[in-house]
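Single-letter residue listing:
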Amino acid sequence: QSVLTQPPSASGTPGQRVTISCSGSSSNIESNAVSWYQQLPGTAPKLLIYNNNQRPSGVPDRFSGSKSGASASLAISGLQSEDEADYYCAAWDDSLNGLFGTGTKVTVL
Amino acid sequence: EVQLVESGGGLVKPGGSLRLSCAASGFTFTNAWMTWVRQAPGKGLEWVGRIKSKTDGGTADYAAPVKGRITISRDDSKSTLDLQMNSLRTEDTAIYYCTTDPVGYYGGTVWGQGTLVTVSS
């Protein structure tokens with residue numbers, strides 16, 4: 001089964017820029033839209049980015065997404081304490097299966 | 001208010017069955033592709049399956065670990081989404097969320113609060 005691979009952790013001090021990668025393949029990220037989700041402890045995921053780089057209304061512009069080939073990235077600029085959470089990428093796989101990334105825990109030092 | 005509310009979770013023995021429901025409100029459910037996502041304790045998100053809108057065929061796709069054991073259905077007249085789970089295993093223990101299509105073009109904009117399913121003897 002296909003997998004979207006993320007680093008297990010990332011960290012930064014307040015105000016810094018943190019980038020999270022999401023590595024996939026030609027059957028998922030390269031050929032389909034990528035979404036990103038933030039999950040705070042004990043809560044449901046929240047959509048941060050859709051269609052690779054689009055932000056829903058209400059999501060701060062500190063969050064940005066990009067995609068190149070079979071990889072995608074989420075950048076958090078001006079890191080804030082409330083950004084401490086788990087982050088997941090997601091994409092459809094052409095094998096008729098949805099995929100979530102392995103997840104990245106962001107710590108604000 | 002846009003909302004999804006899951007119900008039906010609980011404790012079930014291995015090999016048993018359980019039916020989860022998700023009630024939608026505040027958006028046009030008929031047009032939405034709906035998905036079930038689960039999260040085992042301390043683990044990441046796992047896509048379980050989705051059902052397309054009736055206008056797009058109404059068919060369902062399932063993840064390999066649950067294929068053949070689950071059925072996703074929808075009742076557009078009641079704006080409800082169901083997940084019938086059979087032959088449950090301990091590894092099916094998780095919080096189950098319903099959401100709009102999280103891997104589609106627009107992403108999963110609406111999520112329920114989740115319902116906990118525990119499979120244990």
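Because the structure is predicted, anything quoted here is derived from the model rather than measured.

Section: the nonpolar core
Then step 1. Residues F100 of chain A together with L20, W36, L81, L83, M85 and Y96 of chain B are the most contacted members of the largest nonpolar core, which totals 40 residues.
Then step 2. The set of elements that each furnish at least two residues to this core consists of strand 7 (85-93) of chain A together with strand 3 (18-25), strand 4 (34-39), strand 5 (45-51), strand 7 (70-75), strand 8 (80-85), strand 9 (94-100) and strand 10 (115-119) of chain B.
Then step 3. Ignoring anything within four residues of it in the chain, the contact list for L83 of chain B reads L18, R19, L20, W36, I70, T71, I72 and Y96 of chain B.
Then step 4. With 23 residues, the next largest nonpolar core counts L4, I49, F63 and A72 of chain A among its residues.

A few points about the interface of chain A and chain B
Then step 1. On the side of chain B, 24 residues touch chain A, which itself brings 20 residues to the contact.
Then step 2. Both sides together, the interface formed by chain A and chain B hides about 1,700 Å², and carbon and sulfur atoms give 61% of it.
Then step 3. Per-residue buried area on chain A facing chain B is highest for P45, W92 and F100 of chain A; these three make up 32% of the total on that side.
Then step 4. On inspection of chain A and its partner chain B, the count reaches zero salt bridges.
Then step 5. Seen at the junction of chain A and chain B, the total is four residue pairs in polar contact (both at pLDDT 80 or more).
Then step 6. Only strand 3 (34-39), strand 7 and strand 8 (97-100) of chain A provide two or more residues apiece to the side of chain A that touches chain B.
Then step 7. In the side of chain A that touches chain B, the residues fall into 13 nonpolar, seven polar and no charged.

Describing the side chain of D61 of chain B
Then step 1. As for its position among the elements, D61 of chain B is in strand 6 (residues 60-62).
Then step 2. Dropping the residues within four chain positions of it, D61 of chain B is found in contact with W92 and L96 of chain A together with W47, V48, G49, R50 and K52 of chain B.

Regarding the state of the cysteines
Then step 1. Summed over the entire model, instances satisfying the criterion amount to two disulfides over all chains.
Then step 2. What pairs with C22 of chain A in a disulfide is C89 of chain A, and their sulfur atoms sit 2.0 Å apart. An S-S torsion of about 70° defines the bridge between C22 of chain A and C89 of chain A as right-handed. Of this pair, C22 of chain A sits in strand 2 (residues 18-23) while C89 of chain A sits in strand 7, and the two are 67 residues apart along the sequence.
Then step 3. C22 of chain B shares a disulfide with C98 of chain B; S-S distance 1.9 Å.

Rules and cut-offs
- Residues numbered from 1 in each chain as written.
- Chains lettered and ligands numbered in written order.
- Predicted model: local features only at pLDDT ≥ 70, side-chain atom pairs only at ≥ 80, totals over all residues.
- Heavy atoms only, no water.
- Core = buried A, V, L, I, M, F, W, Y, C linked by side-chain atoms within 4.5 Å.
- Buried < 20%, exposed > 50% of the residue type's maximum accessible area, 1.4 Å probe, protein only.
- Helix = DSSP H or I, 4+ residues; strand = E, 2+ residues; numbered from the N terminus.
- Contact = heavy atoms within 4.5 Å.
- Buried area = accessible area lost by both parts, 1.4 Å probe.
- Salt bridge = Lys/Arg side-chain N within 4 Å of Asp/Glu carboxyl O.
- Polar contact = N/O pair within 3.5 Å; in protein donor to acceptor, adjacent residues only side chain to side chain.
- Nonpolar A, V, L, I, M, F, W, Y, C, P; charged D, E, K, R; others polar.
- Disulfide = S-S within 2.5 Å.

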